[in-house]
Amino acid sequence: MNYNSTRNNSTVVSAAQAIAQGISDEGGLFVPQLLPKYSLEDIKALAAKDYRGRAKKIFADFLSDFTEEEINESVDAAYTAEKFGSDNPAPVSYIENGSTKMSVLELWHGPTCAFKDMALQILPHLLTKSVKKTYSGKEAVILVATSGDTGKAALEGFKDVKGTKIMVFYPVNGVSPMQKRQMATQKGENVSVVAIEGNFDDAQTGVKKIFTNPDIKAKLAKNNMLFSSANSINWGRLLPQVVYYFSAYCDMLNEGKINAGDKINVVVPTGNFGNILASFYAMNMGLPINKFICASNSNNVLTDFIKTGTYDKNRKFYTTISPSMDILVSSNLERLLYHLTDGNAQKIADWMAQLSANGKYTVDDDVKEKLTSMFYGGYCDDENTQKTISDMYKNENYLCDTHTAVAINVYQQYVAQTNDTTTAVIASTASPYKFAKSVLEAVTDEKLPEDEFAMVDELSAKTKTAVPTPLSSLKDAQVRFTFECKVDEMPDAVLDGLKIS
Ligand SMILES: *Cc1c(COP(=O)(O)O)cnc(C)c1O
C-alpha cells in the first residue's frame, strides 16, 4: 500500500518512507491511497484474537513493505503486560447505572498514564525499521517540543531503543509539577531533557528552526545521523490508534454488550484531531460507527467548524484544566478534509494556505454536508468539566480525568439534544492522577494540600482508588535533568547532547 500527500497527489511514497519522513516536502500529510475493508466475518475473526493479534492484522494490511516478522516484533515489544498492566492495553469499562449508559475505552494504562502511549510505545519500533529501509545505516535523532504529555510519552517510547537518540524541550514554567518531574527523572542512555526559558510556542519554533538549520543538518550527516519526528501528524502515530477502536468493538462483542453489526457512536476529547480521525479510518474500513462526537474544551474551534463549515482560529486562546486539548490549529483535520473532498489535493493546499495567511477558511457546501451528517461537535468549559467529574464520581462511582470529563459532558449534551441512545464508546485519554489537582478539587470540599504528591495521596485516600505505579514511583525517583537554556541556545544544546560538533 502506498501513501499520497494531502497537498499533492503526485507525491507517492511507501509506508516506510511516510513514517521515516513524517511530513511531505510541500507541507502535506501522508494518507493511505486505499483502505483495507473488513467484513463482519473479518471483525469476528479479529474478536477471536487478543489485542496484539488484532494489531498485527491491521498493521500488516497498512504496512505492506514491512515483513511479518518486523510487524510481530514491533507489536510484541510495544504492547506488553509489563508496560500496560495487563494483556489488554486498552480495556473497556461499562457505566450502566445512571440514565446515560456509556462504554469507556480506557487508553491510559501505559507507562506515562496518557493515551499517547498507545502510539508512542510502538512508533520507535516502526520508525527505526522505516529508517533502516529508506536511509540504511543512519541513526535517527528525535527532537520534541512539548507542553507536557507528548514529551514524556515520547521519552518512554524511545528510551534505549537502538539506532535512536531523543531530546525533549519543554517550557520551564509551562508544564505541571508532575509532568516536570516525569521528564526530569527520565531513565535511558539515549535521552536528554532540556527546560527552556520561554513558552511552548518558543520551544516549538526553536525545534522547527533546528530541523531546517543547514549547518546542523550537515553536522548530523557527517556523523551518520538524521532528524526524525515523533509528532502526531506522523502516520506511524495515527495507525496504532485505529487498532483500539476495532479492539473495543471486539471486546464489547465478546462481552455480549453488542451484537455483530450493531452500530456504535464514538465520543472523543479532541485536540489535534488524531484520535477521532483514527475512528473515522476505522469506520471507512468497515467498523459499524453511526456518529463521531467531537468534544472540545473552551478552545472550541472545532465545534464551530462542524456547525458552520468555517474554520477560524482568530479567537481568544484559553488555558484550561484539560491542557492537552488547548489547541487552535488541529493539524490532522487536513487528512479528514482530503478524504471528504475525495482526494482533492489542490483544494486542501488552497484551504491550508488560507489558514496560514488569514487564520481561516470555509469548506464547500457538499463537504460541510458530509461533515455535519457524520460529526457532532460540542464543548464544555472548566466549570462544567469539574461538575462532570464530581457527578460521575458521586453517581456512578467512576473517577475520570479532566479530558475524559469533557467528552462525557459533550456526550450528555448530544443525548439530550438528539435522544440518540446508540451504544456510545467514550475515549478516556488520561488517568485522573495525571491531573490530580483539578480532579481532587472536583471531588472534595476540603482545602487542597500544597504539594502535588500530597494531592495524589489524598485523591487516592478519598476515592479508594490506586495511584498508578508510574506516578507513585516518581516521588523517590532520581532527578537526572536540570539543564535550562535560552531559546537561542537550543542549537548548541542539541549538538552538546549529541556529543558532535
Ligand atoms: C493529546 C491528548 C488529547 C487530544 O488528542 P488528539 O489526538 O490530539 O485530538 C486528549 N486528551 C489527552 C489526555 C491528550 O494527551
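Residues numbered from 1 in each chain as written. Predicted model: local features only at pLDDT ≥ 70, side-chain atom pairs only at ≥ 80, totals over all residues. Heavy atoms only, no water.

> Even after reading the chapter, I still don't get the overall build of the protein chain, so can you show me in this structure?
Scanning the protein chain from N- to C-terminus turns up 23 helices and 16 strands. Taking 2.2 N^0.38 as the reference for a compact globule, 501 residues should give roughly 23 Å; the C-alpha atoms of the protein chain span a radius of gyration of 22 Å, in line with that estimate. In terms of overall dimensions, the protein chain has C-alpha extents of about 65 × 55 × 45 Å along its principal axes. Expressed as a percentage of the 501 residues in the protein chain, the buried residues total 58%. (Helix = DSSP H or I, 4+ residues; strand = E, 2+ residues; numbered from the N terminus. Rg over C-alpha atoms; globule rule 2.2 N^0.38 Å. Buried < 20%, exposed > 50% of the residue type's maximum accessible area, 1.4 Å probe, protein only.)

> Can you walk me through the pairing of strand S4 (residues 92-95) in this structure?
When a strand is regular, its side chains alternate between the sheet's two faces. The pairing of S4 with strand S5 (residues 102-106) spans 4 bridges and is classified as antiparallel. Residue pairing across strands places Val-92 opposite Leu-105, the latter belonging to S5. The turn linking S4 back onto S5 is made up of 6 residues. (Pairing = 2+ DSSP bridges.)

> Any chance you could explain the sheet that holds strand S2 (residues 8-14) here in plain terms?
Working definition: the strands of a sheet are paired by backbone hydrogen bonds and lie parallel or antiparallel to each other. The 3 strands are arranged S2-S1-S3 in an open sheet whose pairing can be described as antiparallel. A single partner strand is all that each edge strand has here, and the edge strands are S2 and strand S3 (30-32). Within this sheet the neighbouring strands show an average axis-to-axis angle of 40°, counted without direction. Of the strand pairs in this sheet, strand S1 (residues 2-5) and S2 are connected by 4 bridges, and their pairing is antiparallel. Note on S2: the bridge partner recorded for Tyr-3 is Val-13. (Axes fitted to C-alpha atoms, helices over the stretch in contact; angles between N-to-C directions.)

> Help me out: how do you make sense of the site of the ligand in this one?
In the neighbourhood of the ligand, 15 residues make up the surrounding shell, with Lys-116, Gly-271, Asn-272, Asn-275 and Thr-429 lying closest. Contact between the ligand and Phe-273: an oxygen atom at 3.0 Å from a main-chain N or O atom of the residue. A total of 380 Å² of accessible area belongs to the ligand in isolation, and the protein chains cover 96% of it. (Near = heavy atom within 4 Å. Polar contact = N/O pair within 3.5 Å; in protein donor to acceptor, adjacent residues only side chain to side chain. Areas by Shrake-Rupley, 256 points an atom, 1.4 Å probe, with all protein chains shown as cover.)

> Please explain the pattern of salt bridges as it appears in this structure.
Think of it this way: side chains of opposite charge can pair up when their charged atoms draw near. Going through the model one piece at a time under the given rule, you end up with 21 salt bridges. When the shortest N-O distance is used, the salt bridge between Glu-334 and Arg-7 registers 2.7 Å. Residue Glu-334 is located in helix H15 (residues 333-340), and its partner Arg-7 is located in the loop between S1 and S2; the two are separated by 327 residues in the primary sequence. Two residues, Lys-159 and Glu-156, come together in a salt bridge whose shortest N-O distance is 3.3 Å. Overlapping salt bridges bring together Arg-52, Lys-56, Asp-76 and Asp-87 as one network. (Salt bridge = Lys/Arg side-chain N within 4 Å of Asp/Glu carboxyl O.)

> What is the right way to read unusual backbone geometry from this model?
In most cases, non-glycine residues show a negative phi, while peptide bonds are predominantly trans. With a phi angle near 60°, Asp-160 is a residue other than glycine that sits in the positive phi range. Note on placement: Asp-160 falls in the loop between helix H8 (149-158) and strand S7 (164-171). Residue classification places Asp-160 among the partly exposed residues on the basis of a relative accessible area of 48%. With a phi close to 50°, Lys-464 is a non-glycine residue in the positive phi region.

> I'm lost on a negative patch on the surface in this one. Help?
There is a patch of like negative charges on the surface, built from Glu-197, Glu-484, Asp-488, Glu-489, Asp-492 and Asp-496. Tracing the sequence through the fold places Asp-488 in the loop between strand S16 (484-486) and helix H23 (490-498). A relative accessible area of 63% means that Asp-488 is categorised as exposed. (Patch = residues over 30% accessible without salt bridge, like charges linked within 9 Å, V, L, I, M, F, W, Y side chains within 5 Å. Lys, Arg positive; Asp, Glu negative; His and termini not counted. Charge placed at Lys NZ, Arg CZ, Asp CG, Glu CD.)

> I would appreciate a short explanation of the side chain of Glu-452 in the present structure.
Along the chain, the position of Glu-452 falls in helix H21 (residues 452-463). The residues contacting Glu-452, other than those within four sequence positions of it, are Pro-177 and Met-178. (Contact = heavy atoms within 4.5 Å.)

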